[in-house]
Amino acid sequence: MAAAETAAPSPVTSGTRQRPRPLPAGTRLLHIGPHKTGTTSIQGALFAAKDAMAGHGVAFPAHSRHPMEAALAICARPGMMGDARPAEGHWARLLDAVRATGKQTSVISSEFFADAPDDETIARIVDDLGRDRVHILVTLRPLAKIMPSQWQQYVQNGLRMGYEDWLDHMLRKAPYEKPNPSFWRRHRHDRLVERWARVAGAENITVVVVDDRDRGGLMRTFESLLGLPDGLLVEVPDTANRSLTLAETEMLRKLNMEFRGNGLPDELYSKLVRGGAVMHMKNTCRPAPDDARIVTPAWALEAATGIGAEMAERIGTMGVRVLGDPALLSAVPSAAQDGPAPAAARIDPEVAAHALYGALAVAAEAPPEHPAARTVHQTSSKELVRVLGHRVLRRLKRT
């Protein structure tokens, strides 16, 4: 944006909530997440309201709720375990849709933009979207709240490491890159903001500190920035995106260990485990209030709050606009301070049954195959599992 247009709109106050003035008409608002900061909720709300937003001059150019493949393609990321690697065409398709919006204001949201590996990639994203029109929005939550949620998400992508062991690697074992190098690229938030500000300009960056006590706050902030009426964006329930309970996560983690130990193909994991067992379990089972929760040990909470305070201080010196209370980034979740002791992580038989059914339902869609030349009794159990896995995968591919 030109200098006269890029000055960050000063916030205004409405009731108790700080309200930013709308961005200039024609802005292309790029929400880069990162993960676990309300991205799915806002993406669902924007997609559901796309027709209503169009009536107010705001376009949602993505063809789906979340243009994940486009973001993965431009960031050269492989995607989820076992999924096909996104192609450059996904990014080109999104750009065509953005350009088709003409001079309208538009909004794009994907947390995978936070995975951009270097300044060159960020520069390409900014230039492709129109350097003179793009404005970057970063949403942040306390690291202490992000860690358990991100761990169980990594387990859904094949991670076999337990929570405390994972925390030990992320917080205590330099260079803090194993087993998930993406964690700190996403969640060292000061460096994330710094990378994008270095390329796009600090005046074109807005950081929103999400306050979980204000359930509609993030929706209202997007409405204000886009010049939309209050209440237009409404959260859309999405059971498929709910976090797993501790018991569900542990069940899946143990399955991941068996899966890897038997050398089954990643594509099978994508189809049967993540797309079958986990998806069906999420859609049919609602966690009970007394289910065991993922508890972060005190030493990790202390480390997270210290890092959060450091990140907030650094972001405050970068010249970017900050909406919300930066002190929240070093807050300790209230449940960790005064909540009841966690219950034992025991999987409900009904939940396990739903997970098993989900995998079987996906496999059952494949046509039968001719029996093997050798009998089951002539084949070792480990080889049998591997052979069956490859056969199911071939059937799935044919369908």
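Above this text is the structure in question.
Residues numbered from 1 in each chain as written. Predicted model: local features only at pLDDT ≥ 70, side-chain atom pairs only at ≥ 80, totals over all residues. Heavy atoms only, no water.

All right, on to the pairing of strand β5 (residues 105-109) then. Side-chain positions along a regular strand alternate between the two faces of the sheet. In terms of burial, β5 is largely enclosed, as 5 of its 5 residues are buried. The side-chain alternation of β5 yields two buried faces, one formed by Thr105, Val107 and Ser109 and the other by Ser106 and Ile108. Sheet analysis places strand β4 (residues 58-59) next to β5, joined by 2 bridges and oriented parallel. Following the sheet pairing, Ala59 is matched in β5 by Ser106. (Buried < 20%, exposed > 50% of the residue type's maximum accessible area, 1.4 Å probe, protein only. Helix = DSSP H or I, 4+ residues; strand = E, 2+ residues; numbered from the N terminus. Pairing = 2+ DSSP bridges.)

Turning our eyes to something else, we now look at the packing of aromatic side chains. Working definition: an aromatic ring pair is given by the centre-to-centre distance plus the angle between the planes. Applying the stated criterion across every chain, the model contains 8 aromatic pairs. Ring plane angle 20 degrees and centroid distance 6.3 Å describe the contact between Tyr163 and Trp166, whose orientation is recorded as stacked. On the criterion of helical spacing, the pair formed by Tyr163 and Trp166 is a turn pair, its members being 3 residues apart in helix α8 (residues 163-172). Both residues of the pair, Tyr163 and Trp166, belong to the buried class. Here Trp166 and Phe183 contribute two aromatic rings whose centre-to-centre distance is 5.2 Å and whose plane-to-plane angle is 80 degrees, an arrangement assigned as edge-to-face. With Trp166 in helix α8 and Phe183 in helix α9 (residues 182-187), this residue pair connects regions lying 17 residues apart in the sequence. Since its relative accessible area comes to 1%, Phe183 is described here as buried. The rings of Trp151, Tyr154, Tyr163, Trp166, Phe183 and Trp184 are connected pair by pair, giving a single aromatic cluster. Arg172 extends its terminal NZ or CZ atom over the ring of Trp299, reaching a point 3.6 Å from the ring centre. (Phe/Tyr/Trp six-rings, centres within 6.5 Å; stacked < 30°, edge-to-face > 60°. Lys NZ or Arg CZ within 6 Å of the ring centre and 35° of its normal.)

Our next topic: the sheet that holds β4. By definition, the strands of a sheet pair up through backbone hydrogen bonds, in either a parallel or an antiparallel sense. Reading across the sheet, the 6 strands line up as β4-β5-β3-β6-β7-β8 and stay open at both edges, with parallel pairing between neighbours. Two strands lie at the open edges of the sheet, namely β4 and β8 (321-323), each paired on one side alone. Pairing geometry for strand β3 (residues 28-31) and strand β6 (residues 134-140), over 4 bridges, is parallel. Bridging across to β6, Arg28 finds its partner in Val134.

In this structure the tally under the stated criterion is 22 salt bridges. The salt bridge involving Arg124 is made with Asp128; its shortest N-O contact spans 3.3 Å. Of this pair, Arg124 and Asp128 both sit in helix α6 (residues 119-129), 4 residues apart, which is roughly one turn of the helix. The class of Arg124 is partly exposed, set by a relative accessible area of 36%. In this structure, the salt-bridge partner of Glu223 is Arg220, at a minimum N-O distance of 2.6 Å. Taken together, the positions of Glu223 and Arg220, both in helix α11 (residues 217-226) and 3 residues apart, correspond to about one turn of that helix. The burial state of Glu223 is the same as that of Arg220; both residues are buried. (Salt bridge = Lys/Arg side-chain N within 4 Å of Asp/Glu carboxyl O.)

Moving on: helix α13 (residues 266-284). Counted at 1.5 Å a residue, the expected span for α13 with its 19 residues is 27 Å, and the 25 Å between its end C-alpha atoms agrees. At Val273, α13 shows its largest bend, some 30 degrees. Looking only at α13, the buried set comprises Leu268, Tyr269, Ser270, Leu272, Val273, Arg274, Gly276, Ala277, Val278, Met281 and Lys282. (Expected span 1.5 Å × (residues − 1). Bend = angle between axes of the 7 residues up to and from the residue.)

What follows deals with the environment of Pro24. Relative to the assigned elements, Pro24 resides in the loop between β2 (17-20) and β3. A residue is classified by how much of its surface remains accessible, and Pro24, at 27% relative accessible area, is partly exposed. C-alpha separation for the pair Pro24 and Arg133, spaced 109 residues apart in sequence, amounts to 8.9 Å.

Along the chain, Gly33 connects to Pro34 via a cis peptide bond; the corresponding omega equals 10 degrees. Inspection of the secondary structure assignment puts Pro34 in the loop between β3 and α2 (39-48). For the bond from Lys178 to Pro179, the omega torsion is 5 degrees, close enough to zero to count as cis. Considering the arrangement of structural elements, one finds Pro179 in the loop between α8 and α9. Positive phi, close to 65 degrees, is recorded for Lys36, a residue that is not glycine. The topology assignment puts Lys36 in the loop between β3 and α2. Note on Lys36: relative accessible area 18%, which makes it buried.

Before going further, it helps to spend a moment on helix α12 (residues 246-261). With 16 residues, α12 extends 22 Å between its outermost C-alpha atoms, agreeing within 8% with the 22 Å of an ideal straight helix rising 1.5 Å per residue. When α12 is considered as a whole, its buried residues turn out to be Leu246, Ala247, Glu248, Thr249, Glu250, Leu252, Arg253, Asn256 and Phe259. Those residues of α12 hidden inside the fold are in contact with α7 (143-155), α13 and α16 (349-364). Looking at the residues trailing α12, positive phi occurs at Gly263, about 65 degrees. (Contact = heavy atoms within 4.5 Å.)

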